[in-house]
Amino acid sequence: MKNIKKYKNFYVIFLMLFFISTSCEDYLDKAPEASISEKDAYGNFRSFQGFVEELYNCVMDHEKGGAWNKYLFADETLGPNPYQFDLGNYWGNEGYFYGSSNVNPSTLEGRNRRIWEWAWYAIRKANLALEKLEGTEEEPSLFEGTQEEKDLLKGQALFFRAWFYFEISRYWGGMPYITRVLSPTESLVTEEFNRLNFQETALKMAEDFRAAADLLPNHWDETTVGQVTSGHNNQRVNKFFALGYYGKALLFAASPMPNEEATGSNTYNAELAQRAAQAFGELLNLADETGLYGLQPWDQYMLNFFHPNRQHPGGKEAIMRPTIYNHTRIRWSAIGGTVPSSFALNSGSSADVPTHNIVQNYGMANGLPITDPESGYDPNDPWTDRDPRFYKIIVKDGDHIHRDLAADKFAQLYNGGRHRSQINPPSVTGYYSRKFNNMGPDFNTSMAGSISAYVPFLRMADVYLMYAEAVLFASNGGTPQSTSGNYNLTAEGALNMVRNRAQLPNIAGKFTASRDVFFEEIVRERAVELIFEGARFDDLRRWNRNNDPRYLDKTAIDFERGEDGKPINIAERVIVTRVAEKKHNWLPIQVGFTKLYEGFPQNPGW
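Remember, it's a predicted structure, so these values are computed and weren't measured experimentally. Starting from 1, residues in each chain are numbered consecutively following that chain's sequence as written. In view of the model being predicted, local features appear only for residues whose pLDDT reaches at least 70, and side-chain atom pairs are presented and counted only at 80 or more, with totals across whole chains, interfaces and linings using the full set of residues. Water and hydrogen atoms play no part in the side-chain values, which are based on all heavy atoms of the structure.

A. Representation of the overall build of the protein chain in the model. Runs of H or I in DSSP of at least four residues are treated as helices and runs of E of at least two as strands, each being numbered from the N terminus. Scanning the protein chain for helices and strands turns up 20 helices and ten strands. Per-residue accessibility, obtained with a 1.4 Å probe over protein chains only, is compared with the maximum for each type, and a residue is labelled buried under 20%, exposed over 50%, and partly exposed between these values. For the protein chain, with 606 residues in total, the buried portion stands at 60%. Calculation of accessible area relied on Shrake-Rupley with a 1.4 Å probe; when residues are assessed, cover is drawn exclusively from the protein chains displayed. Put simply, the protein chain shows about 22100 Å² of open surface, and 49% of that area lies on carbon and sulfur atoms.

B. Focus on helix 9 (residues 198-215). To estimate the expected span of a helix, subtract one from its residue number and multiply by 1.5 Å. Along its 18 residues, helix 9 runs 26 Å from first to last C-alpha, staying within 8% of the 26 Å computed at 1.5 Å per residue. Of the residues making up helix 9, those classed as buried are F198, Q199, T201, A202, M205, A206, D208, F209, A212 and A213. Where helix 9 is buried, its residues meet helix 8 (147-172), helix 10 (239-254), helix 11 (256-263) and helix 12 (270-290). The contact criterion used is simple: two residues touch if any of their non-hydrogen atoms lie within 4.5 Å.

C. How the structure looks around the pattern of salt bridges. Here, a salt bridge means any Lys or Arg side-chain nitrogen found within 4 Å of an Asp or Glu carboxyl oxygen. Summed over the entire model, instances satisfying the criterion amount to 45 salt bridges. When salt bridges with common partners are traced through the structure, they connect E317, D387, R389, K435, R459, R501, E525, E529 and E533 into a single cluster.

D. Here's a closer look at the nonpolar core. Remark: nonpolar core denotes a set of buried residues (Ala, Val, Leu, Ile, Met, Phe, Trp, Tyr, Cys) joined through side-chain atoms within 4.5 Å. Core analysis: the largest hydrophobic core is formed by 158 residues, its most contacted members being F97, W116, F159 and W172. Looking at this core, the element that brings in the most residues is helix 8, giving 14 residues. Setting aside chain neighbours within four positions, we find F97 in contact with F73, F85, R114, I115, W116, E117, Y171, W172 and L587. In this structure, A351, V353, I401 and M439 belong to the second largest nonpolar core, which totals twelve residues.

E. Just the packing of helix 4 (residues 45-53) against helix 7 (residues 115-134), in detail. Every angle, taken between N-to-C directions, lies between 0 and 180 degrees, and every axis is a line fitted to C-alpha atoms, over only the stretch in contact when it is a helix. Their axes nearest at 10 Å, the elements helix 4 and helix 7 cross at an angle of 160°. In terms of axis orientation, helix 4 runs roughly antiparallel to helix 7. In terms of crossing hand, the pair formed by helix 4 and helix 7 is left-handed. Together, F48, F51 and V52 of helix 4 and K125, L128, A129, K132 and L133 of helix 7 make up the contact between the two elements. Across the contact of helix 4 with helix 7, the residue classes tally to six nonpolar, no polar and two charged. Should an angle fall under 35 degrees it is called roughly parallel, over 145 degrees roughly antiparallel, and 65 to 115 degrees roughly perpendicular, with every other angle called oblique. The sense of a crossing depends on the near helix, which, turned anticlockwise from the far helix by less than a right angle, makes the crossing left-handed and, turned clockwise, makes it right-handed. Think of it as three bins: nonpolar holds Ala, Val, Leu, Ile, Met, Phe, Trp, Tyr, Cys and Pro, charged holds Asp, Glu, Lys and Arg, and polar takes everything else, Gly as well.

F. Here's a closer look at the packing of aromatic side chains. Geometry of aromatic contacts follows a simple scheme: Phe, Tyr and Trp rings, the Trp one being its six-membered ring, pair when their centres are within 6.5 Å, and the pair is stacked under 30 degrees between planes, edge-to-face over 60, tilted otherwise. The final tally for this structure, using the stated rule, is 48 aromatic pairs. Taking 5.9 Å as the distance between ring centres and 85° as the angle between the ring planes, the aromatic pair formed by Y467 and Y487 counts as edge-to-face. Highlighted residues: Y467 in helix 16 (residues 460-472) and Y487 in the loop between helix 16 and helix 17 (491-501), separated in sequence by 20 residues. In terms of burial, Y467 and Y487 fall into one category: buried. Consider the ring centre and the ring normal. A charge sits over the ring if Lys NZ or Arg CZ is within 6 Å of that centre and within 35 degrees of that normal. Its end group placed over the ring of F51, K125 keeps NZ or CZ at 3.7 Å from the ring centre. Over the aromatic face of F537 sits the side chain of R541, whose NZ or CZ is 4.2 Å from the ring centroid.

G. Region of interest: helix 8. For helix 8, spanning 26 residues, the distance from its first C-alpha to its last is 37 Å, which sits close to the expected 38 Å at 1.5 Å a residue. Across the 26 residues of helix 8, 21 count as buried, placing the element largely inside the fold.

H. Local environment of the pairing of strand 9 (residues 553-561). Here, strands pair whenever DSSP counts at least two bridges between them. With eight bridges connecting them, strand 9 and strand 10 (residues 567-577) associate as antiparallel partners. Bridge pairing in strand 10 places I557 opposite E572.

I. Main features of the confidence of the model for the protein chain. Per residue, pLDDT measures the predictor's confidence, with a range of 0 to 100. For the protein chain, per-residue confidence averages 88 on the pLDDT scale, and residues scoring 70 or more make up 87% of the total. This model gives residues 327-338 a pLDDT under 50, and the stretch forms 63 contacts once residues within four places in sequence are excluded. Here residues 344-348 is a poorly scored stretch, pLDDT under 50, and it has 15 contacts once near neighbours within four places are set aside; other chains count.

J. Structural view of unusual backbone geometry. Residues other than glycine seldom take positive phi values, yet F532 does so here, at roughly 65°. Relative to the helices and strands, F532 resides in the loop between helix 18 (515-529) and helix 19 (535-542). For F532, a relative accessible area of 0% translates into the label buried. Even without a glycine there, the phi angle at N544 is positive, about 60°. Among the structural elements, N544 can be located in the loop between helix 19 and strand 9.

K. Summary view of the environment of Y56. Among the structural elements, Y56 can be located in the loop between helix 4 and helix 5 (65-68). Identification of polar contacts relies on pairs of N or O atoms within 3.5 Å, with a donor-acceptor requirement for protein atoms, meaning one able to donate a hydrogen and the other able to accept it, and with residues adjacent in sequence counted only if both atoms are side-chain atoms. Within the local environment of Y56, its side chain forms a polar contact with the backbone nitrogen of V237, the two atoms lying 3.1 Å apart.

L. Looking closely at the environment of D558. Relative to the assigned elements, D558 resides in strand 9. Between the C-alpha atoms of D558 and I568, which are ten residues apart in sequence, the distance is 9.2 Å. Once residues lying within four places of it in the same chain are set aside, the contact partners of D558 are N415, R420, N569, I570, A571 and R573. Polar side-chain contacts of D558 include one of 2.9 Å to the side chain of R420.

What follows is the structure, given as structure tokens:
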């Protein structure tokens, strides 16, 4: 393993750290008559920014990569057949994580992105940008520009280096954190290239996110450089992006599973939780002061997820969203609930629909969970007086879902109903979702071509909920009435911000009397507010709950339709029990990569 041939194979096969299939260096490797020099590429802001821009194109849209992949790996959805992940086969969706042999960020085709190759490519590219910007003893920087321009370039490179490490590490665990451009001939048998645990990797991410936040503006529209593209800068990384992921990296590092891996203690790391709380507090203070970001009003809630006129959804709530590659790659019938095949353009042979077990997280309109004896929940009338978000997100039997098609105007999701068993594919659970489409009384099939739907990476509701969690377990917190110390909002108050927007009352006092009881309401609130956004799989694993029996059964609701249109003979049925063991905390790494050198071992159990 210690010969140069092996190292060269590592660079070629692993596509890692120094991987280049298209880069500025390729651009420079042209015939002399092309007259392109390093000074041309890195000497001014416009050309240097063009190099950095390709980092945005390396971002994988989790829902659309590979022509609309399954990306919900926990207990939220079911299709006609169990997912490989449900069976414990975390090798079973490798096409989602690996497989893009030609990493070419100049293309606008979003479907060819994959996490592994594109993230390592982007990390190498970010390191190259930082080296060219700062220079070395041997090669001083050629960049000539204003301090604002330099700060923007450096801030973006630092952010993306950390962000792509976050993308890799949240699935595969800790990695070697490389902060320089590597040579293809140097030895890898050094401590620098040994895998770190997740907590160690996250702390290095946090350093980069913090440094990026200190360099980046609140918004590019407020900069001199940004005036050229004023009004079109919402996708450019800014201070809010960096602070949000600064807090998120620290919160993930503080969580029980990564903390147990690092220290042996299946508890929150209070010091890291405190740092996370203060990072989120800094972001929320800035949002209050500037008004740049905030929760969408209730009557515009669904604009977080889709827009009917091919505009980018998210409003003022979405901080980081997938890069729009082109609007012909929209997904109007997004994962988490494909519309009936009789009027779906993209649904194909797999209708991924909400599980009954996840739907049960929606409480009542009075704010109480359905398990509370005072909630008023009637198991024989399960869809009356529920959390208002239930009616916005979940399609239940009898809902008006189409304007024109006579056979499909109303959802027929009872046993034997058209949408339960007479179309292909049917709903196997008794529900559809409309989180990323606008099924309803005004919907018609022709609207599909104008709907733009994207799953957000980070939005303000998530920030409030992560703030509440971090404060609850912080070293100077510990109660729902605690604050971060730098933002005057309690953990309880942050949770209520999200609840109140959804037209729910403040959380009842009986759920704020202890930390453990309050935390269960955070768990439930995250299941509801962030449903189908990809957070659930991360949450269950970082909380050490992926193999908790409470979250293993994926169920359907069986019922008949009564004469009054309401369900009768209701029964919950287990369709599959997920297989999850300790080893499922992390995905397995493709075997070939783990045999390249001793410091890069396979994840435990695989």
